[in-house]
Every structure is written in C-alpha cells, then in structure tokens.
Amino acid sequence: MTENQLDILKGVFYGQAIGDALGLGTEFLDKNQIAEYYPNGLSEYAQIVQDKHRSRWEIGDWTDDTDQFLCICDSIINSGEINEIAFAEELYKWFNGIPMGIGHTVYKVVSVPQFTLYPHKAAELIWKFSKQTNASNGAIMRTSILGTYEFWDYDKVAHNTEIIANVTHWDRRCVGSCVVLTLLISKIISESKFLTFDELCQIADRYDDRIKPFIEKSYTLAIEDLTLDETASLGYTLKAMSAGLWAYFKAENFEDGLLRVVNEGGDADTNACVAGSILGAKFGYKSIPKKYIDGLIHKDVLEEKLNNYIKRLNNSHI
Ligand SMILES: [Mg+2]
C-alpha cells in the first residue's frame, strides 16, 4: 500500500471510532435537548453530559458500533478472509461479554439458537418475523472497514459487504446502504476518486429503489432538513446513510463535517460513525485534529488492531 492509501485506511478507522465516541454525546437527543445540554454545541469529548444513558461509558470511549467494527476486523485478522461464520463467532464472543449499547436487531439475531452456525438463516428469520419491515442501522454502523479490504476489486467489496451485512440484517435497504458506503470508500483508497451522485444512485438501485431518495436528500438538502432527530425514523439505515453522504457531499473538512452531524442528534453515534469514516477517507488521517485522536481512551486498542489488520493485508493480498 502507498503512504496515501495507509493514511486513508487509518482515517477510516479513526473516523469511525471518533464519530462514535463524540456522537454518544448527543445520542437519542433531539435538537431542543441538544440546545439545553450543549448551548454552544458539542465539539469536545470533555463536554459530554454524563446523564443516565451516557454515564455507562467513560468520556472518550466508543460504543457498540465500533465494537462490532472491530469484530469484523478481528475476524479478518484471524481467518484471513471475509467469512460470515468467522464474523458471527466474533460477534457472539462480544455478545457474551458486556455488549453495551447493543441494538434490538442484533440482539434478536444473535440470540437465535445456532446463530454461529447459520448466521444468515438467523438474520433472515428475524427479518421475516418483523414482517420484512425492519431496516435498522446496525449493519451500516460497523461496515466502513469493508471498504478498505480488497479495495481494488469493487465486485469483491460489494460481495464482502453483503456477506457481513447479512449476518444480522437481511433487508435489501440495509445491504444496499452498506454497499454504498463501502464502495465509496474503496474508490477513494483505490483510485483517489470520488463516486458521483449518479454513480451512488446506480449502486443503490441494484439493491432497493427506496435507497435513492435518501441519496438525493443528502445531495440537495441542508443537514437540518434530513431530520436526523425525528423519533419515528430513529435508527433507520437510510437515515444513517444520508447523514454520512451529506458529510461526503458537503463537508469542507473532517472536523466541521463531523460536528455538523453530531449536533443533529438522533442516533448520533451511528450517524457520526458513518460520517466519520467517510470523512476520514475523504480528507485522510492527517486531517483529523489531534485532540480527537488522543482523547480516545482506548486509542491503544484501536492502534494495535489497525496495525495487525495492515499486517494481514500486506501478508495476504498486496
Ligand atoms: Mg452505539
């Protein structure tokens, strides 16, 4: 990998974790509550109000989104490939620890007997029980890493993403929104190019025609008009995707883009994971302010996993 590619890869890892840790500060808050909690806006980990929800984490810690991102990372480091069983086993290990912040869908799917043997069947079953309506954001929140794996082969990136998304999320809106995210990242790493609005819409249309309107929103609307804090759609995969794509299209740098997403509230840690990983890819690790990197209390864990992942990439593929 070139120096520039490594910088982008590192930007994805750190953007993911930083978005998660900072987004926790406004998670489940609406705009009015954010104005009360943070009259001048949230921009530092140290400002995070330790209320009942947030006090379960230490300041500068990430949540389930990045825990699961690292489960994918570990499954690749250990198995040397993208494999639904290897990922399901990592996820199950995490589930049996203290899975703080775990979402409803992941909880239900991982609880299905023999999940680790038949994860895709378990995910399909839970989706069918939801009357095929559940399209939550629990897959897209963890998935940015897959844009950095076999990034030179776009068909493989899409296929890898489908395999891992389907371990817990069966709906085509979930899978398609994940693939939009990972192909966008792989294009940047591979060719230093940026997928256009039309190209992103074409990718989305391969999966579900309900995705494209959310790409259009992120392209045409102000972030306030994405209504990320709307209670009824909190946790919808297309909302998280639109937050990330808004940052992709509109942000001028890592910090401003991320803070705009964080200060919209809603499922803010997830929205900011998606946006952070995209911004980390677009502007690179070098563009991330040091205070956000050093403020991660488990920075050493992230750094170690990142280095092992890079070693694995170098040994296996490049
Ligand atoms: Mg979370």
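Now for a quick tour of the structure. (Residues numbered from 1 in each chain as written. Predicted model: local features only at pLDDT ≥ 70, side-chain atom pairs only at ≥ 80, totals over all residues. Heavy atoms only, no water.)

### Observations concerning the overall build of the chain
And step 1. Helices and strands together make up the secondary structure of the chain, namely 15 helices and 0 strands.
And step 2. For 318 residues, the compact-globule formula gives about 20 Å, and the C-alpha radius of gyration of the chain, at 18 Å, lands near that figure.
And step 3. In terms of principal-axis extent, the alpha carbons of the chain reach across some 50 × 45 × 40 Å.
And step 4. Burial analysis of the chain (318 residues in total) assigns 58% to the buried set. (Helix = DSSP H or I, 4+ residues; strand = E, 2+ residues; numbered from the N terminus. Rg over C-alpha atoms; globule rule 2.2 N^0.38 Å. Buried < 20%, exposed > 50% of the residue type's maximum accessible area, 1.4 Å probe, protein only.)

### Considerations on the packing of aromatic side chains
And step 1. Inspection of every chain in the model, using the stated rule, returns 13 aromatic pairs.
And step 2. Ring centres of Phe13 and Phe69 lie 4.9 Å apart, and the angle between their planes is 85°; on these two criteria the pair is classed as edge-to-face. Of this pair, Phe13 sits in helix 1 (residues 3–23) while Phe69 sits in helix 3 (residues 64–79), and the two are 56 residues apart along the sequence. The pair formed by Phe13 and Phe69 is uniform in burial state, with each residue classed as buried.
And step 3. The interplanar angle of 80° and the centroid separation of 5.0 Å between the aromatic rings of Phe151 and Trp152 together place this pair among those described as edge-to-face.
And step 4. By relative accessible area, which is 41% here, Trp152 ends up partly exposed. (Phe/Tyr/Trp six-rings, centres within 6.5 Å; stacked < 30°, edge-to-face > 60°.)

### Things to note about the pattern of salt bridges
And step 1. One pass over the structure, following the stated rule, counts 19 salt bridges.
And step 2. The salt bridge partner of Lys93 is Glu90, with a shortest N-O separation of 3.3 Å. With Lys93 and Glu90 both in helix 4 (residues 84–95), this residue pair falls 3 residues apart, about one helical turn.
And step 3. With relative accessibility at 55%, the residue Lys93 sits in the exposed group.
And step 4. Salt bridges here are not isolated pairs; linked through shared partners, they connect Glu44, Glu255 and Lys291. (Salt bridge = Lys/Arg side-chain N within 4 Å of Asp/Glu carboxyl O.)

### Structural notes on the environment of Leu296
And step 1. Mapped onto the secondary structure, Leu296 falls in the loop between helix 14 (290–294) and helix 15 (299–316).
And step 2. Classification of Leu296 by relative accessible area gives buried; the value is 3%.
And step 3. If we ignore the near neighbours within four places in the chain, the residues touching Leu296 are Tyr14, Ala17, Ile18, Ala21, Tyr45, Gly60, Trp62 and Leu302. (Contact = heavy atoms within 4.5 Å.)

Purely spatial values, then, with no claim about function.
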